[in-house]
Amino acid sequence: MPATKRYAIHGMHCASCASLVELSIKKVPGVKEAHVNYANEKAQVVAENDTNSETIIEAVKKAGYHAQELGDNVQQIEADSAHHHHHEEKNQLQKFIFSLILSLPMAYFMIFDFVPNFFGAKLLLPYVGIISLILTTPIQFIVGKSFYQGMWSALRMKTFNMDSLIAIGTSVAYFYSLFNFLRYAFITESVIGIEGAKIPELYFETAAFLITFVILGKLLEAKAKGKTSTAIKKLMGLQAKTARVVRGNKTTDIPIDEVKVGDVILVRPGEKIPVDGKITKGSSSVDESMLTGESLPVAKQAGDKVAGGTINKTGSFEFTATRVGSETTLAQIIKLVEEAQGSKAPIQDLADRISAWFVPAVIIIAILTFVVWFFVLGATLSTALMAFTAVIVIACPCALGLATPTAIMVGTGKGAEHGILVKGGEPLEQACKITAVIFDKTGTITVGKPSVTDVISLEKIDEKQLLTIVGSLEKQSEHPLAEAIYQKTQSLKLDLKKVSDFEAIVGHGVTAKIDNQTYYFGNKKLIAEYLKHSTKEIDAQIHELENQGKTVMILANKKQIEGLIAVADTVKPNSKAAIEKLQKMGLAIYMITGDNKRTAEAIAKQVGITNVLAEVLPKDKVNEVKKLQSQGHIVAMVGDGVNDAPALAQAELGIAMGSGTDVAMETGGIVIIKNDLNDVVHAINLSKETIGKIKQNLFFALLYNVMGIPIAARLFVAFGLVLKPELAGLAMALSSVSVVANSLLLRLYKPNRKNYISMVAPIIMIVVFSLMFVEFAKFSSQMNSSEMSSAVVNPKITKAANQIFAYSQGKITYLDKAPKLFLAVEKEELISLPFNQGQGNLNDNEIIIGANEAQMMIEEKLINKVGDELNNFFGLPKVKVVGILKPTNSMVDNFHFVNSSTLALINQEADLSATVGPDKKGKLFYQINAETLDQKPQQVPEQFKNILTKENLSNVVVENNPYKALWIGSVEAKMMFKESLFSKENDLLPKLFGNDFIVKGVLPETKTVLDHFHFINSQVKIQ
């Protein structure tokens, strides 16, 4: 039989660490499930009973972390956790201060790059390199030791984590700088800059600041994470430390841990009630707000239950302890909250899947960034390495790992403060998805016990006399309705009379003598059949009361009917308002009960429910839930958690109405402690706000990377945006802090109030962090402005390249299904383009090749350089390469250029027309002769054979106007959609390049140049 155990995990630095620990535990034989929560540093493991905890602890140790099994003492667990958290925070602070002190001189040196004549520059400039090396080395290998340890642990598990990214990034910066320093020293035989200059190509400050900023982020994150668990600390603070126990004639104050079940405890005004129990002597009012969230004190008297942690307000009383230690209501609540905060919501699976692929993907992107900059664009090695490092560090997935658990910790804690216990992430997430709510009637919508609702006197006696007689009779009865009548007389403090000759008439009622008068009290059959009294005069009243769901009983003597008493299970005062709120939320509301249909509909009418499921036995309630689920509803079942247990379990969400005591025994995923249906509304609202916060956090985490990675990869260098690695590290750290801070805004949640700050904060965060990325990038660009110039494609070149397509004609042919593009150009059109080799003169049987196409041909050894000749080249017996272009950042890079005479001799599958669009970019048109398509099917690319048919290329008449068919490649379609040129199929594009077009569709992606084309009938002429 599998058992669940929990462990404290120490040494985790990021969400990837949590995944690594989880993976290690899952490999232990006998382990069925394992969930590791980075936010609260705990693991929940489901394993076979014979699985040794030491084996699990050893597996965690092998992964490079430490584990400790947790017992049932939540107070001790939290104390240990707080101690560890304080130690971790202190350790991060010490490391940050150490790194900062060593890094500050390098910050001073950086000023010299901006202000050459700054104070001390002339003196210190030659020594910057050696001083930076000395200062950075302890940061790299002492402070940064944990990153290397984390990377090694990950590699042993054949994976990567955040530590891997930081270790790789800082090592690249440090060892590249060290290599350049040693190389400089070897060549110049000097460890300082010669002739008063700084040693070039050193980036020690990058490694130093990167580690410093990451440690700063961890420090801020640790402080913020500490605030997410305040709910448990508050609940633990409610526990009394001592109890005043009465043993014999002696009253003694003893530690709460020594209290035993059965002890008699004295509580005075203003004191905390130490444990759960039952009042035996005295009365008072008790503040139960810590349990229920309800601020008004509750009156208590002998026989009533009290809960530990609540506060006695007015009188003194004694009570007998019924639950102590971990069995008390407060201890159960603390345990439930602690377990919920360590649980996983299903939405976390999305973050886990992303994280699993994210780090390897980032490393690949970083490598590609280096390859493109260094090998393709010809940038310096330092430029390529810094771009590589920036991508590595900007993409650490800490924010992604914190997105879900921090919000769950705060959300479940906030629920507990208001008497709503959410038993984990799954019910929390389900609560915001439900479409239908089924309420059990008895004890949920209604109070759950009958009470007197109507007292009707028919003769000379008044209502008090009537109640006195009936109460005197029913005091002897054991019937539930008799109890309701007796309690009514007690509440009115009526003096009951002495009864003699009491007799219960089975199925009818009771009879007895009071003051020598024989009275009968019971149902209509007792009066009509047993006494033979006519009920015609009261039938209308009885019928009306019964239509209201009330049970009517009649008091009579042998001569006449004296009066009527109506008893009913009354609706709770707040039920109607709560149900109205749920209906306004668009939820379908049902009431389910075993009562007869007339009684059920009467109760339902009072609270505004129209969907009534009556005469349903407890065992059949689960089938009613299944029926709604089969209709497509996501169902929440609200019941008392006892006879409703199967239905609560069957529903997607079970909400159990607690009594403020047996919390741990409730079946539902959510427990409403104070039996107030308004808390069902609050639970759903809290769920929506918490899950909304999780989605915001996930969005932030991904947004930071979507924004940061391209800037770090220097894709926007032409716009002056470059992100240096150390600032990328700071941005990454702040993004994690922002996610935690966003979760903390849930602490402002209050029932029935909008959390405006929480609503507005995400928008502010997006703006602030967007500006932060841009400002960091601008600042980095100022530090490195001259570094990239040799690798940047001049926008003027791109513009000139696009102009070549103005009103040009070409051909398309294929080589192994790969499209080959040819365009006829004149000599003067190529003058403004940069040549890598050769020049722009084009004679017959000569060709100039774009950069991408030339690179491919060189790799396939078709050509090597300008002057090479190609035989049997697409219909040409021989063609000579007279030019190879440099990259232009346009479609020119994919073309072969020839003169008009040579183009006429090239074999073709389809014609190509080109022009320039309003955006100054070249627009390419793939022309298919629909009339000859049957004879020449090869005109159509293989990928589109079933799409670009003769019928689909024909004109379409819309409102008596002919429109020419237009099919669009996937890349071009995205651009047109972004610019709002069209939004869907069959949109009309009048006067586009001299034609009226209708968009027939967007073609599937091919990942070739075909994705940039428009596809049209060859009869269409492009202007």
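None of the values given here were measured: they were computed from a predicted structure.

Reading the values: rules and limits
- Residues numbered from 1 in each chain as written.
- Predicted model: local features only at pLDDT ≥ 70, side-chain atom pairs only at ≥ 80, totals over all residues.
- Heavy atoms only, no water.
- Helix = DSSP H or I, 4+ residues; strand = E, 2+ residues; numbered from the N terminus.
- Buried < 20%, exposed > 50% of the residue type's maximum accessible area, 1.4 Å probe, protein only.
- Contact = heavy atoms within 4.5 Å.
- Areas by Shrake-Rupley, 256 points an atom, 1.4 Å probe, with all protein chains shown as cover.
- Pairing = 2+ DSSP bridges.
- Phe/Tyr/Trp six-rings, centres within 6.5 Å; stacked < 30°, edge-to-face > 60°.
- Salt bridge = Lys/Arg side-chain N within 4 Å of Asp/Glu carboxyl O.
- pLDDT = per-residue confidence, 0-100.
- Axes fitted to C-alpha atoms, helices over the stretch in contact; angles between N-to-C directions.
- Parallel < 35°, antiparallel > 145°, perpendicular 65-115°, else oblique.
- Nonpolar A, V, L, I, M, F, W, Y, C, P; charged D, E, K, R; others polar.
- Patch = residues over 30% accessible without salt bridge, like charges linked within 9 Å, V, L, I, M, F, W, Y side chains within 5 Å.
- Core = buried A, V, L, I, M, F, W, Y, C linked by side-chain atoms within 4.5 Å.
- Lys, Arg positive; Asp, Glu negative; His and termini not counted.
- Polar contact = N/O pair within 3.5 Å; in protein donor to acceptor, adjacent residues only side chain to side chain.

**Details of the overall build of the chain**
Within the chain one finds 31 helices and 40 strands. Expressed as a percentage of its 1023 residues, the buried residues of the chain come to 53%. When contacts within the chain are restricted to residue pairs at least 6 apart in sequence, long-range pairs at least 24 apart make up 70% of them. Split by element, the accessible area of the chain, about 46700 Å² in all, is 55% carbon and sulfur.

**Some words on the sheet that holds strand β7 (residues 264-267)**
Across the sheet, which stays open at both edges, the six strands sit in the order β6-β5-β7-β13-β8-β11 with antiparallel pairing between neighbours. Since the sheet does not close on itself, it has two edges, and those belong to β6 (250-255) and β11 (305-306), each with one partner. When strand β8 (residues 276-282) meets β11, the two strands line up antiparallel, connected through two bridges. Each bridged residue has a counterpart across the sheet, and for glycine 277 the counterpart in β11 is valine 306.

**Notes on the packing of aromatic side chains**
Here the distance between the centres and the angle between the planes together describe a pair of aromatic rings. Scanning all chains against the criterion turns up 22 aromatic pairs. Pairing phenylalanine 822 with phenylalanine 873 gives two aromatic rings, centres 5.9 Å apart and planes at 70°, and the pair type is edge-to-face. Residue phenylalanine 822 is found in strand β28 (residues 818-824), and its partner phenylalanine 873 is found in strand β31 (residues 869-873); the two are separated by 51 residues along the sequence. Given the relative accessible area of 1%, phenylalanine 822 is considered buried. Put simply, the rings of Phe141, Tyr148, Tyr174, Phe175 and Phe204 touch in pairs and so form one group of aromatic residues.

**Some points on the pattern of salt bridges**
A full pass over the atoms with the stated rule returns 19 salt bridges. The shortest N-O distance in the salt bridge between arginine 244 and glutamate 271 comes to 2.7 Å. With a gap of 27 residues between them, arginine 244 in strand β5 (residues 242-247) and glutamate 271 in the loop between β7 and β8 connect regions that are remote in the sequence. Judged by its relative accessible area of 16%, arginine 244 is buried. A cluster of three or more residues bridged by salt bridges with shared partners is formed by Arg244, Asp253 and Glu271.

**Observations regarding the pairing of strand β34 (residues 910-916)**
For β34, a buried count of six out of seven residues is recorded, marking the element as mostly surrounded by other parts of the structure. Strand direction decides the pairing type here: strand β27 (residues 808-815) and β34, joined by five bridges, are antiparallel. Looking across to β34, one finds that glycine 810 is bridged to leucine 912. Across six bridges, β34 lies against strand β35 (residues 922-928) in antiparallel orientation. By the bridge assignment, aspartate 911 is partnered in β35 with glutamine 927. A loop of five residues connects β34 with β35, the two strands running antiparallel in sequence, and lysine 920 in this loop sits at a positive phi of about 70°.

**Some points on the confidence of the model for the chain**
Predicted confidence across the chain gives a mean pLDDT of 81, with 87% of residues reaching 70 or more. Predicted confidence is poor over residues 660-665, with pLDDT under 50, and the contacts of this stretch with residues over four places away or in other chains come to 19 contacts. Under a pLDDT of 50 for its full length, residues 785-793 has, in the predicted model, 21 contacts with residues more than four places off or in other chains.

**Topic: the packing of helix α5 (residues 128-143) against helix α6 (residues 145-156)**
Where α5 meets α6, the closest approach of the two axes is 4 Å, and the angle between their N-to-C directions is 40°. What the angle tells us is that α5 and α6 run oblique. Of the residues in α6, those touching α5 at Gln140, Phe141, Ile142 and Val143 are Lys145, Ser146 and Tyr148. Of the residues that constitute the contact of α5 with α6, the class distribution is four nonpolar, two polar and one charged.

**Concerning the side chain of threonine 690**
Along the chain, threonine 690 falls in helix α25 (residues 678-712). Threonine 690 gets classed as buried once you look at its relative accessible area, which sits at 0%. In this structure, threonine 690 is in contact with Ala407, Ile408, Gly411, Leu428 and Leu746, ignoring residues within four places of it in sequence.

**Details of helix α31 (residues 970-978)**
Among the residues of α31, Ser970, Glu972, Ala973, Met975 and Met976 are the ones counted as buried. At its buried positions, α31 is contacted by β35, β37 (961-968), β38 (988-992), β39 (995-1002) and β40 (1013-1017). Looking one or two places after α31, you find serine 980, whose phi comes out positive at around 60°.

**Brief notes about a nonpolar patch on the surface**
Together, Ile367, Val371, Val372, Phe375 and Val376 make up an exposed nonpolar region whose accessible area comes to about 440 Å². One can find valine 372 in helix α12 (residues 348-376). Residue class for valine 372 comes out partly exposed when judged on its relative accessible area of 38%.

**Focus: the packing of helix α13 (residues 381-394) against α25**
Contact geometry of α13 with α25 gives a least axis separation of 8 Å together with a crossing angle of 170°. Classified by the interaxial angle, the pair formed by α13 and α25 is roughly antiparallel. Between α13 and α25, the contacting residues are Ala387, Ala390, Val391 and Ile394 on the first element and Asn705, Gly708, Ile709 and Ala712 on the second. A class-by-class count of the residues in the contact of α13 with α25 yields six nonpolar, two polar and no charged.

**Remarks on the sheet that holds strand β3 (residues 42-48)**
Spatially, the four strands line up as an open sheet ordered β2-β3-β1-β4, and their pairing is antiparallel. Single-partner strands in this sheet number two, and they are β2 (31-37) and β4 (66-70). Pairs of neighbouring strands in the sheet enclose a mean axial angle of 25°, with direction left out of account. The sheet contact formed by β2 and β3 spans six bridges and is antiparallel. Each bridged residue has a counterpart across the sheet, and for asparagine 37 the counterpart in β3 is lysine 42.

**Comments concerning the nonpolar core**
Membership of the largest hydrophobic core comes to 114 residues, with the highest contact counts inside it found for Phe439, Ile445, Ile670 and Val680. Sort the elements by how many residues they give to this core and α25 lands first, with 12 residues. Aside from chain neighbours lying at most four places away, what touches phenylalanine 439 is Thr444, Ile445, Ile579, Leu582, Ile589, Tyr590, Met591, Ile592, Val638, Leu677 and Val680. Listed in part, the 38 residues of the second largest apolar core include Val825, Ala910, Leu912 and Leu1010.

**A word on unusual backbone geometry**
With a phi close to 70°, asparagine 752 is a non-glycine residue in the positive phi region. Inspection of the secondary structure assignment puts asparagine 752 in the loop between α26 (725-744) and α27 (756-783). Even without being a glycine, aspartate 816 presents a positive backbone phi close to 55°. Looking at where aspartate 816 falls in the secondary structure, it is placed in the loop between β27 and β28.

**Comments concerning the environment of valine 680**
When you line up the elements, valine 680 lands in helix α25. Valine 680 sits 23 residues away from methionine 657 along the chain, and the two C-alpha atoms are 9.3 Å apart. Not counting residues up to four positions away in its chain, the partners in contact with valine 680 are Phe439, Leu582, Val638, Ile655 and Ile672.

**Considerations on the side chain of glutamate 562**
Relative to the helices and strands, glutamate 562 resides in strand β21 (residues 561-571). For the buried glutamate 562, no salt bridge exists, and the shortest N-O distance to an oppositely charged side chain is 9.0 Å, to lysine 559. A polar contact of 3.4 Å, which involves the side chain of glutamate 562, links it to the side chain of glutamine 560.

**Examining the environment of leucine 686**
Locating leucine 686 in the fold gives a position in helix α25. For leucine 686, a relative accessible area of 1% corresponds to the buried category. Along the sequence, leucine 686 and leucine 428 sit 258 residues apart, while their C-alpha atoms lie 8.4 Å from each other. Apart from residues lying up to four places away in sequence, leucine 686 is in contact with Gly411, Gly415 and Tyr749.

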